[in-house]
Amino acid sequence: MGKLAVITDLHADINHLGESELTKLFELLQEYGATRLHFAGDTANKIDQTLAINHFFRSRGLPTTFNLGNHEMGNVKGEQMIEHYPDSHFLNLRYVPLNQQTVLLGFNGWYDYGFSELSDPQQIRSIKNIYWFDRIIERFSDDQTVDKAILSQLHTVLDDLEQKKYQIILATHFVPKEEFIVHLNGKYQIWNKLNAFLGSQGLGELLDQYSNIQQVVFGHTHRRFTDQKIQGTTYSCRPLGCYYEWGITRDFVLDNQLAEVFIPMKMRSLLNKYQAEFAAYKEAHLIEEFRKAVTLIAY
């Protein structure tokens, strides 16, 4: 019997996570009895740092694998590197056995605009090119064509695993289900236009076809949700996200009366004024944030 730990959206560079912080995370995983670790995308902006973090945990005896998120995709060049990154611990459309019945399947994923409130793909692409980080990512075609192509490949892998009667734990980066898409109201509803780039409705529909998918773990939302069981499959989404979004950051700001309302996107400039104080608070409370961002799966 083992325990798989899955972590998404570590964002080690944005969050200034060095050896000390990673050691805290490793000790937490030891406390949990984790026997394997998988990073499901956006471990860091730079692929070299993602690889170094994977090595950090492997060098301490914890088998560690990863798939890419959109932030790493922006740091590698071309479709071949995104889909077939040359590292033996990279899982995209590849799986590793957890036991005789269960495999961990990694899948980068992408998006198909299915969660968008807009219907015109050209309008959606225009928004992406103006506002969204992913405009720097080099893919072989438009987003919907890319998503359709990789889902076709995933379909083949899932068929094969079903035929072999394996149970599947799927780790991916992008959102597969509408239940994890937030629709904002009032002055923040403009952010709903970015839901187009959060995930793939087609992925969720594909997963619904298989009764042997035990659990799906993903992130990208920078919001954490309670696990949901949908058509017999458990869906888990608890990304770490960026430091200015964390619960411990909210506590630091509100407890010290630094702002009347906690609005994450306005916190970076505020926290810059209290760098030393926040660093000390983060040091003391980071483990609390880590605890909320680890998905543990017994196998």
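See the structure shown above.
Residues numbered from 1 in each chain as written. Predicted model: local features only at pLDDT ≥ 70, side-chain atom pairs only at ≥ 80, totals over all residues. Heavy atoms only, no water.

Visitor: What is the right way to look at the pairing of strand S6 (residues 167-172) in this model?
Guide: Regular strands place their side chains on alternate faces of the sheet. Counted residue by residue, S6 has 5 buried out of 6 residues, so it is predominantly covered. Bridge analysis of S6 against strand S7 (residues 213-218) gives 4 bridges, and the strand direction is parallel. Bridging from a neighbouring strand, Leu-170 pairs with Val-216 of S7. (Buried < 20%, exposed > 50% of the residue type's maximum accessible area, 1.4 Å probe, protein only. Helix = DSSP H or I, 4+ residues; strand = E, 2+ residues; numbered from the N terminus. Pairing = 2+ DSSP bridges.)

Visitor: I would appreciate a short explanation of the packing of helix H1 (residues 19-32) against helix H2 (residues 47-58) in the present structure.
Guide: The N-to-C vectors of H1 and H2 enclose an angle of 45°; their axes lie 11 Å apart at closest approach. When the interaxial angle is binned, H1 and H2 end up oblique. Here H1 and H2 pass one another in a crossing that is right-handed. Every residue of H2 that contacts H1 at Glu-19, Leu-22, Thr-23, Leu-25, Phe-26 and Leu-29 is listed here: Ile-53, Phe-56 and Phe-57. When grouped by side-chain class, the residues that make up the contact of H1 with H2 number 7 nonpolar, 1 polar and 1 charged. (Axes fitted to C-alpha atoms, helices over the stretch in contact; angles between N-to-C directions. Parallel < 35°, antiparallel > 145°, perpendicular 65-115°, else oblique. Left-handed = near helix turned anticlockwise from the far one by under 90°. Contact = heavy atoms within 4.5 Å. Nonpolar A, V, L, I, M, F, W, Y, C, P; charged D, E, K, R; others polar.)

Visitor: Explain the side chain of Thr-50 here, please?
Guide: Mapped onto the fold, Thr-50 is located in helix H2. Sequence-distant contacts of Thr-50, defined by excluding residues within four places in its chain, comprise Thr-43, Ala-44, Phe-66 and Glu-72.

Visitor: Any chance you could explain the packing of aromatic side chains here in plain terms?
Guide: The description of two aromatic rings rests on the distance between their centres and on the angle between their planes. Under the defined criterion, the tally for this structure stands at 18 aromatic pairs. Ring centres 5.7 Å apart and planes at 65° place the aromatic pair Tyr-111 and Phe-197 in the edge-to-face group. Taken together, the positions of Tyr-111 in the loop between strand S5 (102-107) and helix H5 (121-131) and Phe-197 in the loop between S6 and helix H7 (201-207) put the pair 86 residues apart, joining distant regions of the chain. Accessibility expressed as a relative area gives 0% for Tyr-111, which makes it buried. The exposure class of Phe-197 is buried, given its relative accessible area of 0%. One aromatic cluster in this structure is built from Trp-110, Tyr-111, Tyr-113, Trp-132, Phe-174 and Phe-197. If you follow Arg-268 out to its NZ or CZ, it ends over the ring of Tyr-244, 4.4 Å from the centre. (Phe/Tyr/Trp six-rings, centres within 6.5 Å; stacked < 30°, edge-to-face > 60°. Lys NZ or Arg CZ within 6 Å of the ring centre and 35° of its normal.)

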